[in-house]
Amino acid sequence: MSETQSTPVVVADGLIKQFGRFAALRGVTGEFAAGKLYVILGDNGAGKTTLLRTIAGLAHATRGVISVLGFAHINEARSQIGYMAHPSLLYDEMSGMENLRYFSELYGIPAADVDKKCRDAINAVKLDPDLDRPVGQYSQGMRQRMSLARALLNDPKLLLLDEPFSNVDARSAAEMAVLVAQARDRGKTVFVVTHQPAQLEAYADEFIWMELGRIVDRTATRGGRQ
Amino acid sequence: MSFLAITRATLAKDIRLEWRSKDAINAMLFFSLLVVVIFSFAFDPTAEESRRIAGGLVWVAFLFAAIVALNQTWARELRNQVLDAYRVSPAPATPLFIAKAFGNFIFVAVLEALMTPLFVAFYKLRPLGPSWQLIPIAVLGTWALVVNGTFFAAMSLRTRAREIMLPLLLFPLSIPALLGMVNSTAAVLTGETSPTFWIALLVAYDVVFTTACLLMFEAVLEAE
């Protein structure tokens, strides 16, 4: 194991997240090393999405401490995080390229590189960058891929994917799983929340089981690398 | 990462989305047109009476119509939760607010440009005071509407009845600005008094509320 891989990318200590009287996270503690593919599993309401949103800085822990990519304050890590949610996080009225061009401005990608970066990200998910159709007219599978392209746009060190295989056909899901594994193989740390663990069984480094807002089990796998 | 580049990109994106959907501008135009026509049937004022009431009529119509654009500006960020893509990025909150406020300013200004000739025709308006003063009044008044409106529309974003919540939050706070807009417009139309005091009030209102909104917007954006 290299030094990079042994360095924890995410360190959580006693994370509690409450929404009113409901506690979505009830003391999540753990260290997660770099360059690995973590698959987070659990029933609905187990706290998987809340944990992912807390790592992404979209939800703020009520109590406990989290450090992401070595930063205690999430704002310093944002440029190195890629986040894909269950909804597409894309504007339906704009094409894939138009969406990615806009988001590249938010990440401060130099104007000279924008076109190439957007094209590379779209090509990486096996879509056509020249497709001049609004995202709202894409199939669900295409939308999920474009959403992954958006998450990959800034070449993040940490990739957070929430339900990337939901509502997509089996072939598209299998192709998406390969793309996720390839991202890990390029050195990114990937967290995937899914109800379809079979899609990532061959690639995952670790399965994390959550129940009632806690991590109840972590199972290391062989982590099939391509 | 350039503050200006993010503002420009967000503004261009909003104008592009509005150009393609025309959600806000169509609804605003239709609403304002209804107000003009209905009021012209309801009242049959003389030219003198028109000059006295037109300021109030015009600005109230624009205020209500602007609510449509203000609600729409954030509604499109909620579809597919696109706002989360902004929040997760390293882009600061302020350019988003400035771009949204400028976008709304442009939409409402377009509405005003299209509706003003109709108001003039229906109410037979001819200003007796210096008519050039209507331009700074329109600019300052429109900014007063959109800057607070953009802020409160963002604040009511996560509430259940956000379309009701926005006017409830916005209207009471807009009273001083509305007084400034109505009285300064009436002063120019009738030519009886100077609008200087009311224009100064609008300037002060715009400076105070723009500063307050800019300072507080990040907290609003990060609120869960």
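Before reading on, note that the structure itself is shown above.
Residues numbered from 1 in each chain as written. Chains lettered and ligands numbered in written order. Predicted model: local features only at pLDDT ≥ 70, side-chain atom pairs only at ≥ 80, totals over all residues. Heavy atoms only, no water.

> Lay out the nonpolar core in plain terms, naming residues and giving numbers.
Counting residues in each nonpolar core, the largest one holds 143 residues, and the members touching the most others are Leu 158 and Phe 191 of chain A. Contacts of Leu 158 of chain A, omitting those with residues within four sequence positions, involve Val 9, Val 10, Ile 55, Val 68, Leu 69, Gln 80, Ile 81, Gly 82, Thr 189 and Phe 191 of chain A. (Core = buried A, V, L, I, M, F, W, Y, C linked by side-chain atoms within 4.5 Å. Buried < 20%, exposed > 50% of the residue type's maximum accessible area, 1.4 Å probe, protein only. Contact = heavy atoms within 4.5 Å.)

> A description of the environment of Asp 169 of chain A should follow, citing residues and the corresponding values.
Residue and element names in this part refer to chain A. The topology assignment puts Asp 169 in the loop between strand S6 (158-162) and helix H6 (170-185). On a C-alpha basis, the gap between Asp 169 and Gln 140 in space is 8.8 Å, while along the polypeptide they are 29 residues apart. A polar contact is formed between the side chain of Asp 169 and the backbone nitrogen of Ser 172, at a distance of 2.8 Å. (Helix = DSSP H or I, 4+ residues; strand = E, 2+ residues; numbered from the N terminus. Polar contact = N/O pair within 3.5 Å; in protein donor to acceptor, adjacent residues only side chain to side chain.)

> Describe the sheet that holds strand S1 (residues 8-19) of chain A, with residues and values.
Residues and elements named next belong to chain A. As summarised here, the arrangement of the three strands in space is S2-S1-S4, forming an open sheet in which the pairing is antiparallel. In this open sheet, the two edge strands, each paired with only one partner strand, are strand S2 (22-33) and strand S4 (63-68). On average, adjacent strands in this sheet sit at an angle of 20 degrees to one another, irrespective of strand direction. Sheet analysis places S1 next to S4, joined by five bridges and oriented antiparallel. (Pairing = 2+ DSSP bridges. Axes fitted to C-alpha atoms, helices over the stretch in contact; angles between N-to-C directions.)

> Describe the pairing of S2 of chain A, and please don't skip the residues or the numbers.
All names here are of chain A. Of the strand pairs in this sheet, S1 and S2 are connected by nine bridges, and their pairing is antiparallel. From the neighbouring strand, Ala 12 faces S2, where its bridge partner is Gly 30. Hairpin connection of S1 to S2: two residues between the antiparallel strands, including Gly 20 at a positive phi of 65 degrees.

> Tell me what's going on with the interface of chain A and chain B, and back it up with residues and numbers.
The interface is formed by 29 residues belonging to chain A together with 26 residues belonging to chain B. Interface of chain A and chain B: buried area, both sides summed, is about 2,500 Å²; carbon and sulfur atoms make up 57% of it. By the criterion of area lost to chain B, the three top residues of chain A are Tyr 91, Glu 93 and Leu 106 of chain A, representing 25% of everything that side buries. Inspection of the chain A/chain B interface yields four salt bridges. (Buried area = accessible area lost by both parts, 1.4 Å probe. Salt bridge = Lys/Arg side-chain N within 4 Å of Asp/Glu carboxyl O.)

> Please set out the sheet that holds strand S7 (residues 189-193) of chain A residue by residue, giving values where relevant.
Residues and elements named next belong to chain A. Judged by pairing direction, the sheet is mixed, and its six strands sit side by side in the order S5-S6-S7-S3-S8-S9 without closing on themselves. This sheet does not close on itself; its edge strands, each paired only once, are strand S5 (81-84) and strand S9 (214-220). Taken pair by pair, the neighbouring strands of this sheet meet at an average axis angle of 15 degrees, ignoring direction. For S5 and S6, the ladder comprises four bridges, and the chain directions are parallel. Looking at the pairing, Gly 82 lines up with Leu 159 of S6. The sheet contacts of helix H5 (residues 140-152) involve S5 and S6, and relative to S5 the element is tilted by about 165 degrees. Most of the contacts of H6 go to S7, to which it runs at about 150 degrees, and overall it touches strand S3 (37-42), S5, S6 and S7.

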